[in-house]
Amino acid sequence: MSETVHIESTINGRDCAFEVAANHTLLDVLRDQLGLTGTKECCVVGECGACTVLVDDVNHYACSMLTHSVRGRAVLTVEGLQDANGALHPIQQAFIDELAPQCGYCTPGQIMSAVALLKENADPTRDEVRHALSGNLCRCGAYDHYLNAVLRAAADMRNAGQIA
Amino acid sequence: MKVFSYERPESLDEAIQVLAASGSDVEILAGGTDLVIAMRDRHSQPKVVVDIKRVAELSPSLIWDGNTVTLSATATMSEVVGDEGINTHFPALVEAAVVVGSVQIRNRATVVGNICNGSPAADTAPPLLAYDALVVVAGPDGIRRIGIDDFIVGPGKTDLHEGELAIAIELSAPSRLVGSAYERMTRRRGTDLASVTLCATVDDAGVTQIAYGSVGPRAWLKKDESGILADPSASDEAKAAVLEGIFADASPSVRSLRASPDYRRAMLRVLGARAVGRAIERLQELQGVS
């Protein structure tokens, strides 16, 4: 029985191998061990969504997963969204264009849930976006702006042939 | 979070051996949406955590065999919500699974874990009770199947013994036509724990089953064989009288912050009538097309 665990995962497209303490969550490791602080620590009880990341294209709360759960899996955080030339992901750009964030703390989580949605549904209705982002709280109450941004991103990505 | 040993068995035999070697100070990890939070808050401080997600026998997570579906201990709420057969035969389970937590919770939380966690407010407990689900338990002496009404014991308590592991829940589509519906009451829309949970099933022989939770130490399963609840032409007063008897075991806590006992009892009656009404409508739809 061991108290540290060897993990091999793909983090933002790069194969990574690292040792983690058995009791560290994915959120702990992303932020404190890998320096990926775009994933926010907030409620830490699986209610607010600020720590949302994608694991094999599905959105999860990093605060309530042990890091072992991503062994052999592909993790995507907000840092992994920009392309090789450093250009923002269309969803990030749409969030800027729609002036979606207010304080910005929940924004990475909102964006990651939007990424998960648009991978599955290229042409969501406003209600479908609302449902997809319902696990991400925004205490500024900027929800309508987020919905505008996701719908704009979906249209932009469809027009650019990036999703269908 | 306290330090613990992490075990990840790859077969059921290995899982049973690990549990046997770990004694009582062990927690089983599937989705972890309750356990990881409880460990972080130090409500739970196991010496050993047994992660069952890679146990070969627990994949695939959903298996249909004739009219029976097996939800393995790795089947998530999202998988249940997305399964066509479960939507057809067990719509009230889908209605319950789709309101558990949030999208991210449902992508991770398992139905078996929802039952093993033993919360009186577990959303999937009433539909699983009303559909007469079986819990499949593996242990050192082999496999046993137990009716879910006997498996659920009380807050945080199930009929799982030391060294045992709940590996699946089985649901069999009944031979009779059955209409069913799930209702819950929360303080607000969106992510919230339920103040009242209730599922009704009505079959074409006039038998109604009602399971209700979050108003006592566990969810209760009750049966009405008088035919009154199932009768679309019975008066609201006649049905209300039957429902009073069915709800006799409700004992909502006075200490709960979510709702007062009086309010929960009042809402139990409302949700009971509503769920029975919707279950009858669904039964009539089935009878119309059969």
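Keep in mind that what you see is a predicted model, and the values were worked out from it rather than measured. (Residues numbered from 1 in each chain as written. Chains lettered and ligands numbered in written order. Predicted model: local features only at pLDDT ≥ 70, side-chain atom pairs only at ≥ 80, totals over all residues. Heavy atoms only, no water.)

J.: Got a minute to help me understand the sheet that holds strand β2 (residues 26–29) of chain B in this structure?
T.: The pairing of strands in a sheet happens through backbone hydrogen bonds and is either parallel or antiparallel. Residue and element names in this part refer to chain B. Overall, parallel pairing links the three strands, which are arranged β1-β3-β2 in an open sheet. Only two strands of the sheet have a single neighbouring strand rather than two, namely β1 (5–7) and β2. Along the sheet, successive strands turn relative to each other by an average axial angle of 20°, direction set aside. One ladder, built from four bridges, connects β2 with strand β3 (residues 48–51); its direction is parallel. Pairing of Glu27 across the sheet is with Val49, part of β3. (Pairing = 2+ DSSP bridges. Helix = DSSP H or I, 4+ residues; strand = E, 2+ residues; numbered from the N terminus. Axes fitted to C-alpha atoms, helices over the stretch in contact; angles between N-to-C directions.)

J.: Hey, could you run me through the pairing of strand β12 (residues 196–203) of chain B in this one?
T.: Moving residue by residue along a regular strand, the side chains alternate between the two faces of the sheet. Residues and elements named next belong to chain B. With respect to burial, β12 is a largely interior element, eight of its eight residues being buried. Because side chains alternate across β12, one face comprises the buried residues Val196, Leu198, Ala200 and Val202, and the other comprises Thr197, Cys199, Thr201 and Asp203, equally buried. Pairing of strand β11 (residues 178–185) with β12, which is carried by eight bridges, proceeds in the antiparallel orientation. The partner of Val178 across the bridge, within β12, is Asp203. Direction of pairing for β12 relative to strand β13 (residues 208–213): antiparallel, over a ladder of six bridges. Its bridge partner lying in β13, Val202 is registered against Thr208. Between the antiparallel neighbours β12 and β13 lie four residues, among them Gly206 with a positive phi of about 90°. (Buried < 20%, exposed > 50% of the residue type's maximum accessible area, 1.4 Å probe, protein only.)

J.: Could you clarify how one ought to interpret the sheet that holds strand β5 (residues 68–72) of chain B in this entry?
T.: All names here are of chain B. The five strands lie next to each other as β4-β5-β10-β6-β7, forming an open sheet whose pairing is antiparallel. Each end of this open sheet is capped by a strand with a single partner; those strands are β4 (62–65) and β7 (142–147). Sheet twist, expressed as the average angle between the axes of neighbouring strands with direction ignored, equals 25°. With four bridges joining them, β4 and β5 adopt antiparallel strand pairing. Within β5, the residue paired with Asp65 across the bridge is Thr68. Packed onto the sheet, helix α1 (residues 12–22) meets β6 (134–139), β7 and β10 (165–172) and runs at close to 130° relative to β10. (Contact = heavy atoms within 4.5 Å.)

J.: Honestly, helix α1 (residues 26–33) of chain A in this entry has me stumped. Any pointers?
T.: Residues spaced three or four apart along an α-helix face the same direction, because each turn holds 3.6 residues. Within α1(A), the full set of buried residues consists of A:Leu26, A:Leu27, A:Asp28, A:Val29 and A:Leu30. In this structure, the buried side of α1(A) is in contact with β1 (4–11), β2 (14–21) and β3 (52–55) of chain A together with α2 (35–40) of chain B.

J.: Is there a simple way to think about the packing of aromatic side chains in this case?
T.: Aromatic ring pairs are defined here through the distance separating the ring centres and the angle between the ring planes. Residues and elements named next belong to chain B. Enumeration over the complete set of coordinates arrives at four aromatic pairs over all chains. Centroid distance Trp64 to Phe90: 6.4 Å. Interplanar angle 20°. Geometry classified as stacked. Placement of Trp64 in strand β4 and of Phe90 in the loop between α4 (84–89) and α5 (91–97) is noted, with a sequence separation of 26 residues between them. Taking relative accessible area as the criterion, Trp64 reaches 30% and is therefore assigned partly exposed. Residue class for Phe90 comes out buried when judged on its relative accessible area of 0%. Of the aromatic side chains, those joined through ring pairs into one cluster are Trp64, Phe90 and Tyr131. (Phe/Tyr/Trp six-rings, centres within 6.5 Å; stacked < 30°, edge-to-face > 60°.)

J.: Where do I start with the interface of chain B and chain A in this structure?
T.: Size of an interface: often given as the accessible area lost when the parts come together. The partner chain A presents 30 residues to the 27 residues of chain B that form the contact. The largest contributions to the chain B side of the interface with chain A come from B:Tyr6, B:Arg40 and B:Gln104, which together make up 27% of the buried area. At the boundary of chain B and chain A, one finds one salt bridge. A:Asp28 is the partner of B:Arg40 in a salt bridge, and the nearest nitrogen-oxygen pair spans 3.6 Å. Across the contact surface, chain B and chain A share eleven residue pairs in polar contact (both at pLDDT 80 or more). At the level of secondary structure, the elements contributing two or more residues to the side of chain B that touches chain A comprise β1, α2 and α6 (103–106) of chain B. Residues belonging to the side of chain B that touches chain A are distributed by class as follows: eleven nonpolar, seven polar and nine charged. (Buried area = accessible area lost by both parts, 1.4 Å probe. Salt bridge = Lys/Arg side-chain N within 4 Å of Asp/Glu carboxyl O. Polar contact = N/O pair within 3.5 Å; in protein donor to acceptor, adjacent residues only side chain to side chain. Nonpolar A, V, L, I, M, F, W, Y, C, P; charged D, E, K, R; others polar.)

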